[in-house]
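Descriptive analysis of the structure
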Amino acid sequence: MTTESVAQHPASVDAYIRQGWSLVPIPAGTKGPKLAGWNQRGAALRSQADLPPGFGIGLAHSYSGTMALDIDHWDRACNELALQGIDLQGLYNAPDAVIIDSGRQGHGKLLYAMPLGLALPSKKMMDRDANGKGYNYLDFRCGTHDGLTAQDVLPPSRHPDTKQPYRWAGAGHWTRLPVI
């Protein structure tokens, strides 16, 4: 992806920043920042001009007042959440649902606003497959235990596996996130 493709997208770096979001640069072909100190508040992009050529963009949750419910194994996540009385499909179908879609089957990401001033440490739910190999099935992503931020890749950045741009989905709009 080129810087120009990010700038032409209706949800450009500057539009996200005007929304009050803190952004980090994501190298092409990856899903995460590589620079030391990326998760500190001072590392955030200040404008589109700060984005290096070819980079995507990531949302720094703790500094943006946001969090993501990241699903990496739909069936397992549905079952575990149902045990807690949470209907994952219902969350996806909600009239205010804001989804980041990577185009990968069985994967998805719901984006939420955190209650004012709250930033919780991220929580990763893991299991093992029949061969004993560990895998994530669900992440609650916001911050770190030491008060820094976690991040998620934003549209129109490209997914490293599918080579397709992430896109906004759901019945809601990214400028009006539902509160978790």
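All values derive from a computational prediction rather than experimental measurement. (Residues numbered from 1 in each chain as written. Predicted model: local features only at pLDDT ≥ 70, side-chain atom pairs only at ≥ 80, totals over all residues. Heavy atoms only, no water.)

1. Things to note about helix H4 (residues 74-83)
Just so we agree on the cut-off: Relative accessibility under 20% of the residue-type maximum defines a buried residue, over 50% an exposed one, and the middle range a partly exposed one, all with a 1.4 Å probe and only protein chains included. Strands are runs of DSSP state E lasting at least 2 residues, helices are runs of H or I lasting at least 4, and numbering of each runs from the N terminus. By the convention used here, residues are in contact when the closest approach between their heavy atoms is within 4.5 Å.
Residues of H4 that are buried: Trp 74, Arg 76, Ala 77, Cys 78 and Leu 81. Residues of H4 that are buried in the fold lie against strand S3 (66-71), helix H5 (88-93), strand S6 (123-128) and strand S7 (134-141). Looking one or two residues past H4, Gly 85 carries a phi angle of roughly 80°, positive in sign.

2. Here's the deal with the side chain of Ser 157
Quick note on the threshold: Pairing of N or O atoms within 3.5 Å defines a polar contact, subject to two protein rules: one partner must be a possible hydrogen donor and the other a possible acceptor, and residues neighboring in sequence count only if both atoms are side-chain atoms.
For Ser 157, the position within the fold is in the loop between strand S8 (151-153) and strand S9 (167-169). One polar contact links the side chain of Ser 157 to the main-chain amide nitrogen of Ile 57, over a distance of 2.8 Å.

3. Points about the pattern of salt bridges
Quick note on the threshold: Each salt bridge in this description consists of a side-chain nitrogen of Lys or Arg and a carboxyl oxygen of Asp or Glu lying within 4 Å of one another.
The final tally for this structure, using the stated rule, is nine salt bridges. Linking Asp 70 and Lys 109 is a salt bridge whose minimum nitrogen-to-oxygen distance equals 3.9 Å. Here Lys 109 lies in strand S5 (residues 108-113) and Asp 70 lies in strand S3, a separation of 39 residues in the sequence. You can call Lys 109 buried: its relative accessible area is 10%. In this structure, Asp 127 and Arg 76 form a salt bridge, with 1.7 Å as the shortest nitrogen-oxygen distance. With Asp 127 in strand S6 and Arg 76 in helix H4, this residue pair connects regions lying 51 residues apart in the sequence. A relative accessible area of 26% means that Asp 127 is categorised as partly exposed. Here Arg 76 falls in the buried class, since its relative accessible area comes to 18%. A single salt-bridge network, built from bridges that share partners, covers Asp 70, Lys 109, Asp 139, Arg 141 and Asp 152.

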